[in-house]
Amino acid sequence: MRYAFWPGCVSRGACPELFEAVVRVSDRLGIEMIELKEASCTGAGVLSEQNPELADTLNGRTFAMAEKLGLPLMNICSTCQGVQGRINYKFQNDATYLSRINERLAEEGLHYSGNLEIKNFLWVLVEDVGLDKLRSMVVRPLRGLNIAPFYGCYILRPSKELGYAEHPERGKYLEKVIEVLGAEPVDFYGKSKCCGFPIVTMNRRNSLAMAGDHLLEAKSKGADAMVTPCPLCHLNLDAQQPDAAGIKGQPIGLPILHLPQLVGLALGIDPEAMRLNNHIVSTEAVTEKLKVKV
Amino acid sequence: MLEHDVLVVGAGLAGLRVAIEAQKQGVDVAVITKVHPVRSHSNAAQGGINAALEQEGSPDSWEAHAFDTVKGSDYLGDQDAIEIICREAGPEIIELEHMGVVFNRDETGHLGVRAFGGATYSRTFFVGDITGQALLHVMYEQVLKANTRIYEEWFVTSLIVEDGVCRGVVAMDLATRRLHTIKAKAVVLATGGAGRVFEPSTNALIVTGDGISQAYRAGAPLMDMEMVQFHPTTLKQNGALLTEGARGEGAYLLNAEGERFLGNERNQFYAPSKMELAARDVISRAEQIEIDAGRGVDGCVLLDCRHLGEDLIRERLWQIWELAMDFANVDIMKDPVPIRPGVHYIMGGIKTDVDGRAWDVNGGGWGGVKGLFAVGECACINAHGANRLGANSLLETVVYGRRAGLTAGFYVKEAPTALLSEAKMADDESRIKEIISRPDNGDRWAALRLEMGEMMNSQVGIFRTKENLEGALEKIQEMKLRYRHVPIQNKGNIFNTDLQFHLELGLMLDCAEVIALSALSREESRGAHYRLDFPARDDEKWLKHTMAYYTPEGPEMDTLPVTITQWEPTERKY
Amino acid sequence: MQVSLRVRRFDPESNQGPYYQTYSMDAPDYYTVLDALIHIREETDGTLGLRCSCRSAICGSCAMRIDGHAKLACKTKIIDLTADGGEVTVEPVGNMPVVKDLIADMKPFWDKIRAVDPWLQPEGPEPEREYVVPNEAMQDLAGAMNCIMCGACVSDCTVLEAELNRGVPVEKTWLAPAALAKAYRFVGDPRDDHQYDRLEKLSDSGGIWDCTHCFECIEVCPKGVAPMDRIMALRDKAVSAGITNNNGTRHAKAFHDSIKAYGRLDEVTLVPKSVGFFNIRELLPQMPTGLRMLKAGKLRLPHKAENKKKIKQIVDSLDKEQME
């Protein structure tokens with residue numbers, strides 16, 4: 001299993017623990033990743049507000065780089081998945097537009113055919129690695145842990161452009177993975193809602209209230225921790241959690257794990273190597289329950 | 001007691017247009033509607049709105065439009081009304097455009113047109129295939145701008161007529177079931193058609209002939225009620241409409257053998273020269289003949305859009321692509337879609353003059369109710385005669401909406417204020433209480449409505465006979481008796497739709513009766529009215545309108561002459 | 001097929017709170033959720049309250065939550081939701097008060113529509129004939145005019161939900177997707193002469209910059225209006241019109257500049273750049289987050305793309321093109 005790998009800005013910035021975790025977990029699972037070091041930020045949908053064609057060109061460039069390697073593209077960020085998926089859909093359904101983009105890419109000697117497969121790590125886990133194989137590699141079952149899956153938006157919507165017609169089960173993958181790892185998924189309403197991150201600077205109160213609502217709901221349903229495939233959600237749910245608690249007027253204290261960290265724990269990877277102590281909200285509750293030392 | 005100068009009943013395109021115009025006259029206007037305005041059935045008009053807009057180099061003229069309309073009406077339309085609607089169409093389109101309607105344009109940025117059935121020239125202005133919706137929403141914007149009082153989700157239970165003058169209505173606030181008397185110097189009915197009298201029908205569930213029946217009971221005569229239009233292209237499953245615009249853009253009608261049957265000379269009813277763009281009655285009849293002769297596909301014929309191409313379908317026929325996909329599981333880009341004729345529109349309705357007055361100002365000898373106006377599908381100004389041309393209905397709502405609004409505005413300035421009792425409200429209250437208190441006898445209004453609708457479709461449908469019509473009338477009498485004992489399950493006050501639908505059914509039974517009796521009385525075939533026992537048009541005896549008057553014993557029939565200005569009846573061929 | 005409809009019931013005239021009632025039936029394959037509800041209302045339970053009219057996705061009456069998401073009941077086939085013997089959950093729309101059963105009070109929805117001055121405002125003398133405008137502009141607007149005001153997008157709007165959850169009075173909540181899509185229809189109309197005023201008002205708090213970009217409205221819109229895309233287009237138009245003195249614009253610009261400089265996003269300076277470096281009032285509340293992140297080793301120098309010069313070239317050239 002080889003992939004062109006787009007780590008996203010956040011795993012190389014404010015969430016280095018995500019990068020560390022995915023590298024180790026992929027190694028364990030036999031996923032070979034060729035990092036696209038020259039690729040740019042996807043623009044996270046924000047860049048397209050100002051200059052859609054710029055965002056499309058930059059992403060087309062990334063796709064062309066992956067295609068040049070002859071590999072599918074893997075990302076570890078829901079937001080990247082959403083933006084890349086949507087732009088790829090646009091290219092696939094508008095040949096004239098794609099050829100205009102290709103004219104620009106030609107200056108760099110790049111060309112994009114429109115046929116790239118783009119997959120978030122979560123989809124790779126379920127569709128390419130396979131749940132059976134994943135189960136067979138679990139050495140430290142996460143027994144006794146109640147994990148709330150938090151999808152966030154961009155790995156779910158817009159479903160049409162993210163291939164849900166062909167893969168209707170993608171909206172249940174987190175639960176499946178949690179189960180395979182030996183933990184118990186916690187069902188809650190907010191799991192597919194927005195974490196609030198995109199408006200943290202525009203409407204901080206709403207942003208924090210969104211995070212707070214989901215965190216408290218998951219907690220009230222018995223979650224020991226929450227897992228997310230999106231580092232931006234992670235920022236709002238983890239780094240902003242103390243402030244979200246402030247807005248909601250009650251303590252929260254719910255550890256938030258990146259998806260690869262959760263997988264890594266079950267595969268027996270050292271929590272410290274995945275920098276579980278790098279979080280704002282302590283993850284000790286998780287490691288203690290699993291009786292692993294950090 | 002609530003009080004307004006002009007009270008408009010119904011908030012579809014006609015009603016809102018009336019309100020805007022009346023309000024411009026500086027009088028106090030309110031609109032009452034049983035659904036939120038943008039839920040009204042004007043939404044469902046897809047294809048467009050006709051006007052011979054004067055353009056340099058265009059051979060079209062309002063006279064040409066008028067002639068097409070007269071011919072379309074099979075010479076039953078009143079030609080004064082037709083002249084007005086066609087002459088005023090152009091300015092009305094421009095006004096709609098200025099209000100904000102996002103009409104499709106041609107390559108020069110001017111208003112674009114498409115072809116439509118029964119028209120000599122392309123003169124149908126359109127917004128994709130959502131023209132009705134686009135117009136209705138813009139008209140609602142204008143009402144918001146004018147800050148018009150709207151009683152939303154209020155259901156009129158009766159008109160109040162005292163001394164031959166309409167003085168207001170009794171209405172039920174559906175959210176509370178409370179009855180109110182609303183006093184008004186002029187009541188303008190814009191309540192739409194009566195399509196749900198038939199099952200299936202392209203019409204929305206709300207199209208239950210309320211205003212038609214209420215005006216009739218209040219003493220206003222109904223005209224040409226036998227003229228019920230079957231639309232040639234409706235989906236089998238739920239009766240949903242696929243616009244004539246599809247054929248306007250070039251779609252074909254095929255039988256099971258893949259033949260464009262309208263071109264076939266084997267039947268006098270077909271349309272070898274206009275083909276798919278003949279008038280609706282002609283095409284519906286031809287389709288039914290094909291189906292009955294075993295050349296259909298599962299009770300349908302086929303509408304073929306494949307050759308129109310994806311781009312055109314995307315830009316201009318997107319809604320019907322979705323409808324066919326959702327309700328027939330057919331991608332019209334790839335396959336022909338099965339369709340059949342379905343009840344769509346009633347040409348007849350509350351008799352009015354060309355200003356929407358439902359009373360006889362000019363001594364025509366037809367009576368009516370002073371202070372009562374009607375406009376849109378519920379009215380019979382008689383611009384459509386025996387068959388309405390596609391895209392003339394939206395036009396009627398705005399042209400005659402404006403005229404009625406203007407006239408009503410003037411009328412109320414002169415009208416004296418009268419005292420009004422709440423006796424009618426008390427009557428309605430006890431009528432409703434009686435329905436609520438009925439013991440369960442196992443019967444349901446829904447069962448009765450379905451029976452009525454299916455019976456009307458089979459016995460008062462495209463092909464009619466004396467025997468069938470008499471049978472229908474007999475059944476309607478039985479149904480009316482049965483209706484008096486039908487109970488309701490819901491005894492509550494908040495949004496009691498059980499009660500509302502029960503009341504509507506009572507109104508529909510009136511419409512059904514008048515439609516059947518009018519059809520029985522017209523012993524000829526003309527436009528949408530086809531009698532197997534009288535297969536020819538009979539200008540000598542029947543170049544006239546049927547008129548139905550309410551009496552407690554049942555409708556009393558009469559006739560009125562057709563107004564002819566410049567087009568003498570000749571043979572009608574497409 | 002055998003199917004059970006689990007319907008959320010509520011009758012304010014009873015003393016009972018909301019509850020779920022399950023109706024089982026043998027539904028033909030072509031049945032939509034609306035067909036099933038009408039069947040229940042007509043044949044088994046006349047007390048069930050719902051709005052519906054056209055049955056063909058044009059009147060907008062029958063929006064409701066079906067299996068948790070807002071949909072038009074008339075456009076949703078049961079067979080697409082569940083297998084034989086399955087269950088479908090039907091609830092009223094969200095974010096609006098429930099009046100009875102599946103009927104919600106749409107007043108908040110209409111108030112928001114009203115708040116964007118939803119009518120064309122041309123200035124100057126009217127032309128004698130139609131306004132001459134390109135068909136493409138009309139086509140774009142017709143896409144927005146496709147909106148049937150069903151309220152599905154408002155029902156499932158996550159921002160509105162968060163505001164209502166934290167007790168913001170409904171009249172103070174943000175404009176939400178439908179009203180903003182409606183606003184777009186005028187801002188994008190070449191015949192309207194109040195685009196700047198409209199955009200200025202829309203750029204205020206509670207307007208276009210409050211959208212959290214969650215795609216829920218695009219996902220649930222039954223008519224392909226894609227309200228969120230319209231909101232993004234409004235943002236672009238506002239910025240192009242020079243209405244930039246807000247956190248939203250600064251946030252977008254910071255994003256852009258970071259990509260231009262590093263090829264990557266630099267979250268560290270994103271917040272201060274968005275609220276303004278000297279905006280103490282707004283920066284202060286963010287400080288604890290920053291400090292916490294610093295302590296956890298999460299604040300680092302920006303990561304840079306290799307060969308970032310190439311990215312800058314692309315940014316510059318496309319920005320230049322856009323300016324022209």
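Residues numbered from 1 in each chain as written. Chains lettered and ligands numbered in written order. Predicted model: local features only at pLDDT ≥ 70, side-chain atom pairs only at ≥ 80, totals over all residues. Heavy atoms only, no water.

A.B. asks: Mind laying out the domain arrangement of chain C, listing which residues take part and the relevant values?
C.D. replies: Residues and elements named next belong to chain C. In terms of domains, chain C is made up of domain 1 (2-100), domain 2 (106-240) and domain 3 (247-323). In this structure, domain 1 and domain 2 have C-alpha centres spaced 29 Å apart. Each side of the interface is counted separately: domain 1 has 17 residues, and domain 2 has 19 residues. Summed over both sides, the interface of domain 1 with domain 2 buries roughly 1,300 Å², with 56% coming from carbon and sulfur. The interface formed by domain 1 and domain 2 includes one salt bridge. (Domains from an automatic or database assignment. Contact = heavy atoms within 4.5 Å. Buried area = accessible area lost by both parts, 1.4 Å probe. Salt bridge = Lys/Arg side-chain N within 4 Å of Asp/Glu carboxyl O.)

A.B. asks: A description of the pairing of strand β5 (residues 146-149) of chain A should follow, citing residues and the corresponding values.
C.D. replies: Residue and element names in this part refer to chain A. Pairing between β5 and strand β6 (residues 184-185): two bridges, direction parallel. Bridge pairing links N146 to E184 in β6. One crossover worth recording links β5 to the parallel β6 by way of helix α8 (residues 173-180), and it is right-handed. The sheet contact formed by β5 and strand β7 (residues 225-228) spans three bridges and is parallel. Across the sheet, residue A148 finds its bridge partner in β7, namely M226. (Pairing = 2+ DSSP bridges. Helix = DSSP H or I, 4+ residues; strand = E, 2+ residues; numbered from the N terminus. Right-handed = clockwise from strand over helix to strand, strands pointing away.)

A.B. asks: Report on the side chain of T352 of chain B, specifying residues and quantitative values.
C.D. replies: Tracing the backbone through its elements, the reader meets T352 of chain B in the loop between β15 (349-351) and β16 (357-359). Leave out the neighbours within four places in its chain, and T352 of chain B touches R357, A358, W366, A374, A379, C380 and I381 of chain B.

A.B. asks: Quick rundown of the packing of aromatic side chains? Include the residues and the values.
C.D. replies: Tallied over the entire structure, the rule returns 19 aromatic pairs over all chains. Linked through ring pairs, F63, F91, Y97 and Y112 of chain A together constitute an aromatic cluster. Stacked on the ring of Y345 of chain B, the Lys or Arg R388 of chain B has its end atom at 4.0 Å from the ring centre. A cation sits over an aromatic face here: R6 of chain C above Y20 of chain C, 4.0 Å from the ring centre. (Phe/Tyr/Trp six-rings, centres within 6.5 Å; stacked < 30°, edge-to-face > 60°. Lys NZ or Arg CZ within 6 Å of the ring centre and 35° of its normal.)

A.B. asks: Run through the pattern of salt bridges, naming residues and quoting values.
C.D. replies: Residue and element names in this part refer to chain B. Under the criterion given, the structure shown has 103 salt bridges over all chains. One salt bridge in this structure joins D74 and R537, with 2.6 Å as the shortest N-O distance. Of the two residues, D74 is situated in the loop between α2 (62-72) and α3 (79-87) and R537 in the loop between α15 (497-521) and α16 (539-542); the sequence distance between them amounts to 463 residues. Classification of D74 as buried rests on a relative accessible area of 7%. For R537, a relative accessible area of 24% gives the class partly exposed. For the salt bridge of E244 with R280, the shortest nitrogen-to-oxygen distance reads 2.5 Å. Here R280 lies in helix α8 (residues 280-292) and E244 lies in the loop between β11 (228-235) and α7 (245-248), a separation of 36 residues in the sequence. In this structure R280 comes out as buried when scored by relative accessible area, which is 5%. The structure contains a network of salt bridges with shared partners spanning R17, E21, K24, E88, E92, E95, D353, D355, R357, R402 and R403. (Buried < 20%, exposed > 50% of the residue type's maximum accessible area, 1.4 Å probe, protein only.)

A.B. asks: An account of the packing of helix α6 (residues 210-217) of chain B against α15 of chain B is needed here, citing residue identities and associated values.
C.D. replies: Residues and elements named next belong to chain B. Where α6 meets α15, the closest approach of the two axes is 8 Å, and the angle between their N-to-C directions is 75°. Classified by the angle between their axes, α6 and α15 sit roughly perpendicular to one another. Between α6, through D210, I212, S213, Q214, Y216 and R217, and α15, the contact on the second element is made entirely by E504, G506, L507, D510, C511 and V514. Residues belonging to the contact of α6 with α15 are distributed by class as follows: five nonpolar, three polar and four charged. (Axes fitted to C-alpha atoms, helices over the stretch in contact; angles between N-to-C directions. Parallel < 35°, antiparallel > 145°, perpendicular 65-115°, else oblique. Nonpolar A, V, L, I, M, F, W, Y, C, P; charged D, E, K, R; others polar.)

A.B. asks: Please provide a residue-by-residue account of the interface of chain C and chain A, values included.
C.D. replies: Listed as interface residues are 61 residues of chain C and, on the opposing side, 66 residues of chain A. Taking both sides of the interface into account, the surface hidden between chain C and chain A amounts to around 5,700 Å²; carbon and sulfur atoms contribute 54%. Summed over the three residues of chain C that lose the most area to chain A, namely R166, R264 and K298 of chain C, the buried surface amounts to 12% of that side. Counting every contact that joins chain C to chain A gives seven salt bridges. In this structure, R157 of chain A engages E216 of chain C in a salt bridge whose closest nitrogen and oxygen atoms are separated by 3.0 Å. Scanning the region where chain C abuts chain A turns up 31 residue pairs in polar contact (both at pLDDT 80 or more). In terms of residue count, helix α13 (residues 308-323) of chain C provides more of the side of chain C that touches chain A than any other element does, nine residues in total. (Polar contact = N/O pair within 3.5 Å; in protein donor to acceptor, adjacent residues only side chain to side chain.)

A.B. asks: Can you tell me about the domain arrangement of chain A, naming the residues and giving the values?
C.D. replies: Residues and elements named next belong to chain A. For chain A, the domain assignment lists domain 1 (2-119) and domain 2 (131-290). The centre of domain 1, based on its C-alpha atoms, is set 24 Å off from the matching centre of domain 2. The interface of domain 1 with domain 2 comprises 23 residues on the first partner and 30 residues on the second. Summing both sides of the interface, domain 1 and domain 2 together bury roughly 2,400 Å²; the carbon and sulfur share of this comes to 70%. Per-residue buried area on domain 1 facing domain 2 is highest for E17, R28 and S78; these three make up 25% of the total on that side. Taken together, domain 1 and domain 2 are joined by one salt bridge. R86 is the salt-bridge partner of E161, the closest N and O atoms lying 2.7 Å from each other.

A.B. asks: Describe unusual backbone geometry, with residues and values.
C.D. replies: In this structure, the amide linkage connecting R157 of chain A to the following residue, P158 of chain A, adopts the cis form with an omega of -10°. Structurally, the position occupied by P158 of chain A is in the loop between β5 and α8. In the Ramachandran plot, N147 of chain B falls in the positive-phi region, its phi being about 60° despite a non-glycine side chain. As for its position among the elements, N147 of chain B is in the loop between α5 (131-146) and β6 (149-152). Of note in this structure, M149 of chain C is not a glycine but carries a positive phi near 60°. Relative to the assigned elements, M149 of chain C resides in the loop between α3 (135-145) and α4 (152-155). Take M149 of chain C: its relative accessible area is 4%, and that puts it in the buried class.

A.B. asks: Any details on the interface of chain C and chain B? Residues and values, ideally.
C.D. replies: Often the size quoted for an interface is simply the accessible area lost on bringing the parts together. Counting from both sides, the interface comprises 61 residues of chain C and, opposite them, 64 residues of chain B. Where chain C packs against chain B, one counts seven salt bridges. The salt bridge partner of E322 of chain B is K75 of chain C, with a shortest N-O separation of 4.0 Å. Remark: the boundary between chain C and chain B carries 36 residue pairs in polar contact (both at pLDDT 80 or more). Elements represented by at least two residues in the side of chain C that touches chain B include exactly α1 (33-44), β6 (98-100), α2 (107-115), α3 and α6 (176-187) of chain C. Element by element, the count of residues in the side of chain C that touches chain B is highest for α3 of chain C, at six residues.

A.B. asks: Kindly report on α15 of chain B, identifying the contributing residues and their values.
C.D. replies: All names here are of chain B. With 25 residues, α15 should reach 36 Å at 1.5 Å per residue; the first-to-last C-alpha distance of 36 Å fits that figure. With 24 of 25 residues buried, α15 lies mostly within the body of the structure. At the N-terminal boundary of α15, the capping side chain belongs to N496, with an oxygen 3.2 Å from the backbone nitrogen of D498. (Expected span 1.5 Å × (residues − 1).)

A.B. asks: Run through the arrangement of the chains, naming residues and quoting values.
C.D. replies: Pairwise contact counts over the two pairs of chains in contact peak for chains A and C. Contact between chain A and chain B is absent, and the least distance between their C-alpha atoms amounts to 13 Å.

A.B. asks: Requested: an account of the sheet that holds strand β12 (residues 252-254) of chain B, with residues and values cited.
C.D. replies: Residues and elements named next belong to chain B. Taking strand neighbours across the sheet as the criterion, the four strands line up as β11-β14-β13-β12 in an open arrangement whose pairing is antiparallel. Every interior strand has two partners, whereas the edge strands, β11 and β12, have only one. Each strand of the sheet is rotated relative to its neighbour by a mean of 45°, with strand direction disregarded.

A.B. asks: Quick one: what's the story with the sheet that holds strand β5 (residues 124-125) of chain B, residue by residue and with numbers?
C.D. replies: All names here are of chain B. Pairing is antiparallel across the open sheet formed by three strands, whose spatial order is β3-β5-β4. Because the sheet does not close on itself, it has two edges, and the strands there are β3 (49-50) and β4 (113-114). When β4 meets β5, the two strands line up antiparallel, connected through two bridges. Looking across to β5, one finds that V113 is bridged to F125.

A.B. asks: Could you give me a rundown of the packing of α2 of chain B against α3 of chain B, with the residues and numbers involved?
C.D. replies: Residues and elements named next belong to chain B. Relative to each other, α2 and α3 sit at 135°, their axes nearing to 9 Å. Between α2 and α3, the angle falls in the class oblique. Read as a crossing pair, α2 and α3 show a hand that is right-handed. Across the interface between the two elements, W62, H65, A66, T69 and V70 from α2 touch Q79, I82, E83, C86 and R87 from α3. (Left-handed = near helix turned anticlockwise from the far one by under 90°.)

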